[in-house]
Amino acid sequence: MTGNRTFTMIKPSAISAGHAGNILAMIEKAGFRLLALKLIHLTRQQAGQFYAEHSAKGFYEDLTRFMSSGPIIAAILEKENAVAEFRKLIGATDPSKAEPGTVRNLYGISITENAVHGSDADLTAEREGSFFFSQLERV
Ligand code: CMP
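Just so it is clear, the structure is predicted and the values come from calculations on it, not from any experiment.

Explain the sheet that holds strand β4 (residues 116–118) to me, please; I cannot follow it from the model alone.
Strands belonging to one sheet form pairs held by backbone hydrogen bonds; the direction of such a pair is parallel or antiparallel. The antiparallel open sheet is built from four strands, whose spatial order is β2-β3-β1-β4. The open sheet has two edge strands, β2 (33–40) and β4, and neither has a second partner. Within the sheet, the average angular offset between the axes of one strand and its neighbour, ignoring direction, is 15 degrees. Note that strand β1 (residues 5–10) and strand β3 (residues 72–78) share six bridges and pair antiparallel. Paired with R5 across the strands is E78, a residue of β3.

What follows is the structure, given as structure tokens:
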């Protein structure tokens, strides 16, 4: 069974370049409804905790340094088959391999600074959404 929620973050480089509004507009235009939204500057430790599953990977240090370098926007999104639909909208992890017109193709700079994060499964979406939002902060 597929769920109807996913979780995303707009990454620091996309926010500092002034793309947050355009990215949120693309998300809404693609039919996602915002269930929760916040702008927050993560500490290095919080970024490390969020990406803990990658802690053994070579890119982990760069990723957590980058993700704590400036504010991010975190959001819980709703749409039928949300995880897969959102991954289609954002494109491949590496912006140079992302389909034309996808968020990462348009706004990503590198595999680390790839504009947005998107959950990879329903369970991950639930865990990641709960990392940022309490029950009170969701509609
Ligand atoms: P994201 O969707 O936020 O999830 C994990 C992140 O690790 C990924 O996007 C990339 O920004 C980052 N990353 C850096 N290097 C790699 C790599 N070689 N393979 C996968 N992800 C990478």
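Resuming the write-up.
I tried to follow the site of the ligand on my own but got confused; where do I start?
Inspection of the region around the ligand gives K11, Y51, H54, F59, L63, T93, R104, I111, T112, N114 and H117 as its neighbouring residues. Here N114 contributes a side-chain N or O atom positioned 3.2 Å from an oxygen atom of the ligand. Contact with the protein chains hides 77% of the accessible area of the ligand, taken as 450 Å² for the molecule alone. Its residues assigned to classes, the shell around the ligand comprises four nonpolar, five polar and two charged.

Quick question: what am I supposed to make of the pairing of β3 here?
The side chains of a regular strand alternate between both faces of the sheet. Within β3, seven of the seven residues are buried, which leaves the element mostly enclosed by the surrounding structure. Burial along β3 is two-sided: I72, A74, I76 and E78 and I73, A75 and L77, pointing in opposite directions, are all buried. Where β2 meets β3, seven bridges bridge the pair, whose relative direction is antiparallel. By the bridge assignment, L37 is partnered in β3 with A75.

Teacher, can you tell me more about helix α7 (residues 122–132) here?
Since the α-helix packs 3.6 residues into each turn, any two residues three or four apart lie on the same face. Along α7, the residues classified as buried are T124, A125, E128, G129 and F132. Seen from one end, α7 has its buried residues packed into an arc of 130 degrees, which puts them on one side. In this structure, the buried side of α7 is in contact with β1, β2, α3 (44–50), β3, α5 (82–90) and β4.

Help me understand the pattern of salt bridges, please; the structure alone is not making it clear to me.
Side chains that differ in charge, positive against negative, can pair when their charged atoms come close. Under the criterion given, the structure shown has eight salt bridges. The partner of R44 in a salt bridge is E61, with the nearest N and O atoms 2.9 Å apart. Here R44 is found in helix α3, whereas its partner E61 is found in helix α4 (residues 60–67), with 17 residues between them in sequence. Put simply, E85 and K79 hold a salt bridge, and the shortest N to O gap is 3.5 Å. One salt-bridge network, in which partners are shared between bridges, spans K79, E85 and K88.

What counts and how
Residues numbered from 1 in each chain as written. Predicted model: local features only at pLDDT ≥ 70, side-chain atom pairs only at ≥ 80, totals over all residues. Heavy atoms only, no water. Pairing = 2+ DSSP bridges. Helix = DSSP H or I, 4+ residues; strand = E, 2+ residues; numbered from the N terminus. Axes fitted to C-alpha atoms, helices over the stretch in contact; angles between N-to-C directions. Near = heavy atom within 4 Å. Polar contact = N/O pair within 3.5 Å; in protein donor to acceptor, adjacent residues only side chain to side chain. Areas by Shrake-Rupley, 256 points an atom, 1.4 Å probe, with all protein chains shown as cover. Nonpolar A, V, L, I, M, F, W, Y, C, P; charged D, E, K, R; others polar. Buried < 20%, exposed > 50% of the residue type's maximum accessible area, 1.4 Å probe, protein only. Arc of directions from axis to C-beta. Contact = heavy atoms within 4.5 Å. Salt bridge = Lys/Arg side-chain N within 4 Å of Asp/Glu carboxyl O.

By themselves, these observations are geometric and do not establish any function.
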